[in-house]
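What the coordinates show
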Amino acid sequence: MIRADFYRSRENKLLGFHISGHAGLAEEGYDVACAAVSSAVMMTCNTVTDVFKIDAKVDVDENDILLKLGNDSEGNGDRLLLGLMLQLDMISQEYPSAVKISVNDR
């Protein structure tokens, strides 16, 4: 199962996420849920860092990615992470045993 843990501030702004695991619907390289999650996550990370130039820490390892927003004074990072969470929720509705989403207060 893919675990997607999002973190939010007291002001209800998303601060980052940690996503790990494998959906387990097929072998690695053939799993449509993993591919969908990976694509959405990488697009979000690249948009945060390369398009909006938001200060963020990104750590990538096999089946594991962590993103922590730095200074997000304009709130674009929060909105991008909200979009990712929505996309992952749609994937989890299509493949309920593949993705679990949680939101944790920081």
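Residues numbered from 1 in each chain as written. Predicted model: local features only at pLDDT ≥ 70, side-chain atom pairs only at ≥ 80, totals over all residues. Heavy atoms only, no water.

A short note on the nonpolar core
In terms of nonpolar packing, the biggest core is built from 25 residues, with Phe-6, Phe-17, Ile-19, Val-37, Val-41, Leu-84 and Leu-88 touching the most fellow members. Counting residues per element, the ones that place at least two in this core are strand 1 (2-8), strand 2 (14-21), helix 1 (32-51), strand 4 (64-69) and helix 2 (76-94). The element that contributes the greatest number of residues to this core is helix 1, accounting for 7 residues. In contact with Leu-84, not counting residues within four places along its chain, are Phe-6, Phe-17, Ile-19, Ala-40, Val-41 and Thr-44. (Core = buried A, V, L, I, M, F, W, Y, C linked by side-chain atoms within 4.5 Å. Buried < 20%, exposed > 50% of the residue type's maximum accessible area, 1.4 Å probe, protein only. Helix = DSSP H or I, 4+ residues; strand = E, 2+ residues; numbered from the N terminus. Contact = heavy atoms within 4.5 Å.)

Quick look at the packing of helix 1 against helix 2
Packing of helix 1 against helix 2 leaves a shortest axis separation of 10 Å and a crossing angle of 175°. What the angle tells us is that helix 1 and helix 2 run roughly antiparallel. Here Ala-36, Val-37, Ala-40, Val-41, Thr-44, Thr-47 and Val-48 of helix 1 lie close against helix 2, whose contacting residues are Leu-80, Leu-81, Leu-84, Gln-87, Leu-88 and Ile-91. Residue composition of the contact of helix 1 with helix 2, by class: 10 nonpolar, 3 polar and no charged. (Axes fitted to C-alpha atoms, helices over the stretch in contact; angles between N-to-C directions. Parallel < 35°, antiparallel > 145°, perpendicular 65-115°, else oblique. Nonpolar A, V, L, I, M, F, W, Y, C, P; charged D, E, K, R; others polar.)

Quick word on the sheet that holds strand 2
Read across the sheet, 5 strands follow the order 3-4-2-1-5 without closing on themselves; strand pairing throughout is mixed. A single partner strand is all that each edge strand has here, and the edge strands are strand 3 (56-61) and strand 5 (99-105). Ignoring strand direction, the axes of neighbouring strands in this sheet form an average angle of 10°. Where strand 1 lies against strand 2, 7 bridges are found, and the strand directions are antiparallel. When the bridges of strand 2 are listed, Ala-4 appears paired with Ile-19. Sheet strands touched by helix 2: strand 1, strand 2, strand 4 and strand 5. Its angle to strand 2, the strand with the most contacts, is close to 35°. (Pairing = 2+ DSSP bridges.)

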